[in-house]
Amino acid sequence: MRDINLPLPLARAVLHPIFRVTLNPRLPFPMQRRLLDMSSRAQLLPARTVVQPLRLGGRPAERIGFANTSAHGAVLYLHGGGYTVGSTTTHRSLAARLAHDTGCAVYALDYRLAPEHPFPAALDDAESAFLELVSSTGYRPDQIAVSGDSAGGGLSLALARRLIARHQTTPAALGLIAPWADPNRIPDRDRDLVTNKRWSRTCAAAYLGDGDPADPGYAPLTGELRGLPPTYVQVDVGELLHGQCVELVAALRAAGVQVRYSESTGLWHVAQLQAALVAPAAAALRELAEFLRKAIRPAHLRDLG
C-alpha cells in the first residue's frame, strides 16, 4: 500500500473546507458531483490495482481487483452521497482497498442518482446488478457480500430485504459504513465534519420525490429486519448518523441478526474514504474487509485451498 499517515488534526483541517464547499446545499447537484469527482482523483490506489469498466444491471460499473484476486466470491459496493452525488470515481480508492484486503473482486455500481432519478431507481439498479452478478459470473448469492457507506449503506440494507422478499435470495453479508438507514430522521445537530443537516434534508427530499416516506425500501430501518445476513456496522461517535446507527444495531439484534458493531472516536463520516491518508481509517477498513472475507469464504472452504 502506498499510504500517507497524516495526523488526525491535520487531516481534519484539510478536509473540512473541501466538504464545506462540495456538500453545499446552495450548489446544484451536478456541480457538487463534478467537484467531488475532481477532488477524488487525488486518492491513492493500492499498487497493481486493476480497474475494469463494465456494465452491470444495465448501469456503468467497475470491477476492481488484482492479478491474484480470488474466484471464490465478490463484493457488490454501493457508494454513498445522499443518493444525489457520488460515483465510482469518488469511491474507487475505498473499493480498491476492499478488493485488496478481501482478496475478492469488488464490483462498484454507478446507480442512478436523484433528483433526476428518485426512489426507487437506485434500489432497482442495485437489485438488477446483484441478480446479474449471480446469473453472469457464476457466483452463488451466498458468495456475494453487499457493502456500502452512508446512503449506500441504507441502499445495501434495502437491497438485502428486497432480495429476500422477492427472490428468496440472501447475500453472504452486509458491510455498512455509517449507513443512512432512515432518511426521514432529522439530525439533532447542524453538522459534522463532512455532512450538514440542510444538505441531508435536501438529499432526502430529492431521493423521495413523490414516493411514500414510510416505504421500507426508502427507509429500511423501519422495515422487516429478520432474516438479514451477518452484518457489520461501523460509525464514528462524532457523526450526525451516530444515533441512527446505534438504533439500527439494536433493531438488528432484536430481529435476531448476527451483528458486529464498532465505533471510532476522532474520525469523521466515512473516513474510510481517506484510508490511504489516515491510519485509523485504514485499520477500520481492514476490519470490515476481514469480516466480509470470512463471510464470503467460510473457514471450512479456506481450509480446502
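Residues numbered from 1 in each chain as written. Predicted model: local features only at pLDDT ≥ 70, side-chain atom pairs only at ≥ 80, totals over all residues. Heavy atoms only, no water.

**A closer look at the sheet that holds strand β1 (residues 50-56)**
Rules: When DSSP locates at least two bridges between a pair of strands, those strands are taken to pair. Secondary structure elements follow DSSP: runs of H or I no shorter than four residues count as helices, runs of E no shorter than two count as strands, and numbering proceeds from the N terminus. All axes are obtained by fitting lines to C-alpha atoms, using only the stretch in contact for helices, and the reported angles, taken between N-to-C directions, cover 0 to 180 degrees. Any two residues whose heavy atoms approach within 4.5 Å at even a single point are treated as in contact.
Strand order in this open sheet of eight strands is β1-β2-β4-β3-β5-β6-β7-β8, and the pairing throughout is mixed. Across the chains shown, the open sheet's two edge strands, defined by having one partner strand only, are β1 and β8 (259-264). When strand polarity is set aside, the average angle formed by the axes of neighbouring strands in this sheet is 20°. Looking at chain direction, strand β6 (residues 174-177) and strand β7 (residues 231-236) are connected through four bridges and run parallel. Its bridge partner being in β7, I177 is matched across the sheet by Q234. Contacting β6, β7 and β8, helix α7 (residues 242-254) runs over the sheet at an angle of about 160° to β8.

**Observations concerning the pairing of β6**
Rule in force here: Burial classification: accessible surface area is computed with a 1.4 Å probe over protein chains only, and a residue below 20% of its type maximum counts as buried, one above 50% as exposed, and the rest as partly exposed. Looking down the strands as they point away from the viewer, one classifies a crossover as right-handed if the path from the first strand across the helix to the second runs clockwise.
In β6, alternate side chains face the same way, and those of L174 and L176 on one face and G175 and I177 on the other are all buried. Pairing of strand β5 (residues 144-149) with β6, which is carried by four bridges, proceeds in the parallel orientation. Counterpart to S147 in the pairing with β6 is G175. Between the parallel elements β5 and β6, the chain passes through helix α5 (residues 151-167) in a crossover that is right-handed. For the handedness criterion, the β-α-β arrangement of β6, helix α6 (residues 197-208) and β7 is classed as right-handed.

**What about the layout of surface pockets?**
Worth spelling out the cut-off: Within this scheme a cavity is a closed region of a 1 Å grid, computed over the protein atoms alone, that accommodates a 1.4 Å probe without allowing it to escape, whereas a pocket is open but has protein on both sides within 12 Å along at least five of seven lines; lining residues each have an atom within 4 Å of a point. Grid points are joined across faces, edges and corners, and a volume is the space filled by probe spheres set on the points. Here the nonpolar group is Ala, Val, Leu, Ile, Met, Phe, Trp, Tyr, Cys and Pro; Asp, Glu, Lys and Arg are the charged ones; every other residue, Gly included, is treated as polar.
In this model, the largest pocket occupies a volume close to 560 Å³. Along its surface, the largest pocket is lined by 32 residues, and F19, S40, Q43, L273 and Q274 are the ones closest to its centre. Residue assignment for the lining of the largest pocket shows that the elements contributing at least two residues are α1 (8-22) and α2 (29-40). Across the lining of the largest pocket, the residue classes break down as 18 nonpolar, 13 polar and one charged. Each pocket or cavity is described by its volume, and for the second largest pocket that value is around 290 Å³. Residue lining of the second largest pocket: 16 residues in total, with W180, P187, L240, L241 and Q244 positioned closest to the centre.

**Comments concerning a nonpolar patch on the surface**
Going by this rule: Only residues whose relative accessible area exceeds 30% and that take part in no salt bridge are eligible for patches, with like-charged residues grouped when within 9 Å of each other and nonpolar side chains (Val, Leu, Ile, Met, Phe, Trp, Tyr) grouped when within 5 Å. Computed with the Shrake-Rupley method and a 1.4 Å probe, the accessible areas treat only the protein chains shown as cover for residues. When a carboxyl oxygen of Asp or Glu lies within 4 Å of a side-chain nitrogen of Lys or Arg, that pair is called a salt bridge.
Side chains of L10, V14 and I18 sit close together on the surface and give an oily, nonpolar patch of about 230 Å² of accessible area. The residue L10 is located in helix α1 in this model. Look at L10 and you get partly exposed, because its relative accessible area is 42%.

**A few points about empty space enclosed by the protein**
The full count for this structure, using the stated rule, is one cavity of 30 Å³ or more. Of the voids in this model, the largest cavity is the one considered here, and its volume is about 40 Å³. Lining the largest cavity are Y77, H79, S87, T88, H91, A95, A108 and L109. Its residues assigned to classes, the lining of the largest cavity comprises four nonpolar, four polar and no charged.

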